[in-house]
Amino acid sequence: GDSVTQMEGPVTLSEEAFLTINCTYTATGYPSLFWYVQYPGEGLQLLLKATKADDKGSNKGFEATYRKETTSFHLEKGSVQVSDSAVYFCALTTGANSKLTFGKGITLSVRP
Amino acid sequence: DAGVIQSPRHEVTEMGQEVTLRCKPISGHDYLFWYRQTMMRGLELLIYFNNNVPIDDSGMPEDRFSAKMPNASFSTLKIQPSEPRDSAVYFCASSLISTGTGELFFGEGSRLTVL
C-alpha cells in the first residue's frame, strides 16, 4: 500500500537557519504530493503541493520538488522564523477521492 | 467563508460514557474525512464519506466507533463505550473533488480525554 516516511524529529533551529525536512514515499500509481502544516492548537492546513515529477511547490518561503527518481519530496526553507514553529506533515494521494496518506509528522521549533 | 466546524473543541469524560463528536463540512464539499491524531500513532484515517455515503471505514478501530453523515452539512463520530485509549484529537476534514487539487480542509479538532 501507499506510505510516507518522514525523518525523525523533533527539529530545533535558530532563527534564520536553513531548514530541510526529508520525506520519501511509496505509492502504487502516480501520486500527488503535499506538505501540510499544523500550528499549535489548530488543524492542519495545506502548505504546498506538487502533482507531477519535477514540479516545485512553494509557499511562504518554503519549497519542495517532486523527485520521481528518488521518490522524495523534501521540504526546504532558506531562513526560518520563530513563526514557522509547527508540526509538518508530508502526504500523498493516488486516487481521485482526496484520500490522503500522511507521514508521522515532525515538530519544528525555531529559537529567537 | 466558514471553514470546517467541529464541536466540542474539548471533551473530558469518564470511561464507559458515550461520546459524540460533530462536524459541519464546508458547504458544497462532497468528501468528508474523520482522522484521529495521537502522539504514538500520528494521524490515522478512520472513515470517509462521498456525498454522504461511507466509502471506507477500514480505519475505524473497533465496533465501539461509529460514524454517520445524515446530510451534506453534518456528520457525527460516536464512541460507545469510551475507553482511556480513545484519548486523542479527532479531526474532521472536507474536500471538493472537482477542483482536482486534492486539498483537504481541516477543522480545528476535538480533543477527547477519557479518564
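In what follows, the structure referred to is the one given above.
Residues numbered from 1 in each chain as written. Chains lettered and ligands numbered in written order. Predicted model: local features only at pLDDT ≥ 70, side-chain atom pairs only at ≥ 80, totals over all residues. Heavy atoms only, no water.

Caption draft 1: Inspection of the interface of chain B and chain A at higher detail. Contact with chain B, which involves 21 residues of that partner, is made by 17 residues of chain A. Taking both partners together, chain B and chain A bury about 1600 Å²; carbon and sulfur atoms supply 55% of that area. Linking Asp56(B) and Lys99(A) is a salt bridge whose minimum nitrogen-to-oxygen distance equals 3.1 Å. Where chain B packs against chain A, one counts five residue pairs in polar contact (both at pLDDT 80 or more). Here the side of chain B that touches chain A gets four residues from one element, more than from any other, and that element is strand β4 (residues 31–38) of chain B. Across the side of chain B that touches chain A, the residue classes break down as eleven nonpolar, five polar and five charged. (Contact = heavy atoms within 4.5 Å. Buried area = accessible area lost by both parts, 1.4 Å probe. Salt bridge = Lys/Arg side-chain N within 4 Å of Asp/Glu carboxyl O. Polar contact = N/O pair within 3.5 Å; in protein donor to acceptor, adjacent residues only side chain to side chain. Helix = DSSP H or I, 4+ residues; strand = E, 2+ residues; numbered from the N terminus. Nonpolar A, V, L, I, M, F, W, Y, C, P; charged D, E, K, R; others polar.)

Caption draft 2: Highlighting the state of the cysteines. Overall, the coordinates contain two disulfides over all chains when judged by the stated rule. Note that Cys23(A) is cross-linked by a disulfide to Cys90(A), the S-S spacing being 1.9 Å. Across the S-S bond linking Cys23(A) and Cys90(A), the dihedral sits near -70 degrees, which makes this disulfide left-handed. One end of the pair, Cys23(A), is in strand β4 (residues 23–26); the other, Cys90(A), is in strand β10 (residues 86–93), and 67 residues separate them in sequence. With respect to class, Cys23(A) is no different from Cys90(A); both count as buried. One disulfide bridge connects Cys23(B) with Cys92(B), the sulfur atoms lying 1.9 Å from each other. Torsion about the S-S bond of the Cys23(B) and Cys92(B) cystine: about -65 degrees, corresponding to left-handed handedness. Of this pair, Cys23(B) sits in strand β3 (residues 19–24) while Cys92(B) sits in strand β9 (residues 88–95); the two residues are 69 residues apart in sequence, bridging distant segments of the chain. Taken individually, Cys23(B) and Cys92(B) each receive the classification buried, so the pair is uniform in this respect. (Disulfide = S-S within 2.5 Å. Buried < 20%, exposed > 50% of the residue type's maximum accessible area, 1.4 Å probe, protein only.)

Caption draft 3: Representation of the sheet that holds strand β3 (residues 19–21) of chain A. All names here are of chain A. Across the sheet, which stays open at both edges, the four strands sit in the order β3-β9-β8-β7 with antiparallel pairing between neighbours. Edge positions in the open sheet fall to β3 and β7 (56–59), since each of these has one partner strand only. Taking each pair of neighbouring strands and ignoring which way they run, the sheet shows an average axis angle of 15 degrees. Two elements, β7 and strand β8 (residues 62–65), share four bridges in a ladder whose sense is antiparallel. Looking at the pairing, Lys 56 lines up with Thr 65 of β8. (Pairing = 2+ DSSP bridges. Axes fitted to C-alpha atoms, helices over the stretch in contact; angles between N-to-C directions.)

Caption draft 4: Molecular detail of the sheet that holds strand β8 (residues 74–79) of chain B. All names here are of chain B. Pairing is antiparallel across the open sheet formed by four strands, whose spatial order is β1-β3-β8-β7. Of all strands in the sheet, those with a lone pairing partner are β1 (5–7) and β7 (65–71), marking the two edges. The mean angle between the axes of side-by-side strands here comes to 15 degrees, regardless of whether they run parallel or antiparallel. As judged from the three bridges shared by β1 and β3, these two strands associate in the antiparallel manner. Bridging across to β3, Ile 5 finds its partner in Lys 24.

Caption draft 5: Main features of the pattern of salt bridges. Residue and element names in this part refer to chain B. According to the stated counting rule, one finds 13 salt bridges over all chains in the structure shown. Measuring nitrogen to oxygen at the nearest pair gives 2.8 Å for the salt bridge that ties Glu 62 to Arg 64. Among the salt bridges present, the one from Asp 86 reaches Arg 64, with a minimum N-O distance of 2.6 Å. Note that Asp 86 is positioned in the loop between β8 and β9 and Arg 64 in the loop between β6 (53–56) and β7, a separation of 22 residues in sequence. Residue classification places Arg 64 among the buried positions, given a relative accessible area of 9%.

Caption draft 6: A look at the nonpolar core. Counting 27 residues, the largest nonpolar core has Trp35(A), Leu47(A), Leu48(A), Phe73(A), Leu75(A) and Tyr88(A) as its most contacted members. Looking at this core, the elements that each hand over two or more residues are β2 (11–14), β3, β4, β5 (32–38), β6 (44–50), β8, β10 and β12 (106–111) of chain A. By residue number, the principal contributor to this core is β10(A), which donates four residues. When near neighbours in sequence (up to four residues on either side) are disregarded, Leu47(A) contacts Trp35(A), Tyr36(A), Val37(A), Asn59(A), Lys60(A), Phe62(A), Leu75(A) and Tyr88(A). Among the nonpolar cores identified, the runner-up in size contains 21 residues, and Leu32(B), Leu46(B), Ile47(B) and Ala88(B) belong to it. (Core = buried A, V, L, I, M, F, W, Y, C linked by side-chain atoms within 4.5 Å.)

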